[in-house]
Amino acid sequence: QVHLVESGGGSVQSGGSLRLSCAASGHTDYCMGWFRQAPGKEREGVATITRTGKTNYADSVKGRFTISRDNAQTLYLQMNSLKPEDTAMYYCATGPAYYIGADAYCPRYRKFDYNSWGQGTQVTVSS
């Protein structure tokens, strides 16, 4: 099973930037993604990326966050124009593709398909 370790979290003021990294040891699956969970809320998908580089973003982060994947072993999340509502624990995860016919997808809402998770890195944005 792959082991995932996140880094890069921290505390920033509103409008600031952070870059999260997720280092994988072992074989990563077709889908990789960033998820976040704020206190008292469900874990939500922030962004996903397929092995071929197709990305999918939550509406709340479109235009501000960029997910990228480096040789299938390191996952990044560049976060710009951060807002207080981005405050959460951020997790990276990997899992198999979801197929619709012959087409492969990595839907953000199918978080239970992701079978390997990191321990998380905290992001705190102050106003």
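Residues numbered from 1 in each chain as written. Predicted model: local features only at pLDDT ≥ 70, side-chain atom pairs only at ≥ 80, totals over all residues. Heavy atoms only, no water.

J.: How do you make sense of the overall build of the protein chain when you look at a structure like this?
T.: Across its full length, the protein chain carries zero helices and 13 strands. The C-alpha radius of gyration computed for the protein chain amounts to 14 Å, which stays within 12% of the reference 14 Å derived for 127 residues, consistent with globular compactness. Taking the principal axes of its C-alpha atoms as reference, the protein chain extends roughly 45 × 30 × 25 Å. Taken over 127 residues, the protein chain has a buried fraction of 45%. Considering only contacts in the protein chain between residues 6 or more positions apart, those separated by 24 or more positions represent 62%. A total accessible area of about 6,500 Å² is found for the protein chain, and carbon and sulfur atoms account for 47% of it. For the protein chain, the distance from the average site of its 13 positive side-chain charges to the average site of its 10 negative ones is 2 Å. (Helix = DSSP H or I, 4+ residues; strand = E, 2+ residues; numbered from the N terminus. Rg over C-alpha atoms; globule rule 2.2 N^0.38 Å. Buried < 20%, exposed > 50% of the residue type's maximum accessible area, 1.4 Å probe, protein only. Contact = heavy atoms within 4.5 Å. Areas by Shrake-Rupley, 256 points an atom, 1.4 Å probe, with all protein chains shown as cover. Lys, Arg positive; Asp, Glu negative; His and termini not counted. Charge placed at Lys NZ, Arg CZ, Asp CG, Glu CD.)

J.: Teacher, can you tell me more about unusual backbone geometry here?
T.: Most of the time, phi is negative for any residue but glycine, and the peptide bond is trans. Although it is not a glycine, Ser-81 sits at a positive phi angle of roughly 50°. Turning to its location among the elements, Ser-81 is positioned in the loop between strand E8 (74-79) and strand E9 (88-95).

J.: Would you mind going over the pattern of salt bridges with me for this structure?
T.: Where charged atoms from two side chains of opposite charge come close, those side chains can pair. This model, assessed by the stated rule, comprises five salt bridges. Put simply, Glu-44 and Arg-36 hold a salt bridge, and the shortest N to O gap is 2.7 Å. Given the relative accessible area of 34%, Glu-44 is considered partly exposed. Residue Arg-36 is classed as buried on the basis of its relative accessible area, which comes to 6%. With its nearest N and O atoms 2.5 Å apart, the salt bridge here joins Arg-110 to Asp-113. The exposure class of Arg-110 is partly exposed, given its relative accessible area of 27%. Of the residues examined, Asp-113 reaches a relative accessible area of 26% and is grouped as partly exposed. One connected set of salt bridges, linked through shared partners, spans Arg-36, Glu-44, Arg-64 and Asp-86. (Salt bridge = Lys/Arg side-chain N within 4 Å of Asp/Glu carboxyl O.)

J.: Help me out: how do you make sense of the environment of His-27 in this one?
T.: With respect to the helices and strands, His-27 occurs in the loop between strand E3 (18-25) and strand E4 (31-37). Put simply, His-27 and Val-2 are 25 residues apart on the chain and 5.7 Å apart in space, counted from C-alpha to C-alpha. Apart from the residues within four sequence positions on either side, His-27 is in contact with Val-2 and Arg-51.

J.: Can you help me understand the state of the cysteines in this one?
T.: A covalent bond bridging the sulfur atoms of two cysteines is what the word disulfide describes. Under the definition given, this model contains two disulfides. Note that Cys-22 is cross-linked by a disulfide to Cys-92, the S-S spacing being 1.9 Å. Disulfide Cys-22 to Cys-92: torsion about the S-S bond roughly 45°, handedness right-handed. On the criterion of sequence distance, the pair formed by Cys-22 in strand E3 and Cys-92 in strand E9 is long-range, its members being 70 residues apart. (Disulfide = S-S within 2.5 Å.)

J.: Explain the layout of surface pockets to me, please; I cannot follow it from the model alone.
T.: Picture a little ball the size of a water molecule; that probe, rolled over the atoms, points out where space is still empty. Estimated volume of the largest pocket: approximately 150 Å³. In terms of lining residues, the largest pocket is bounded by Arg-36, Gln-37, Ala-38, Lys-41, Glu-42, Glu-44, Pro-84, Glu-85, Thr-87 and Ala-88. Residue composition of the lining of the largest pocket, grouped by class: three nonpolar, two polar and five charged. (1 Å grid on protein atoms, 1.4 Å probe; cavity = no way out; pocket = protein on both sides within 12 Å on 5 of 7 lines; lining within 4 Å. Points joined across faces, edges and corners; volume = space filled by probe spheres on them. Nonpolar A, V, L, I, M, F, W, Y, C, P; charged D, E, K, R; others polar.)

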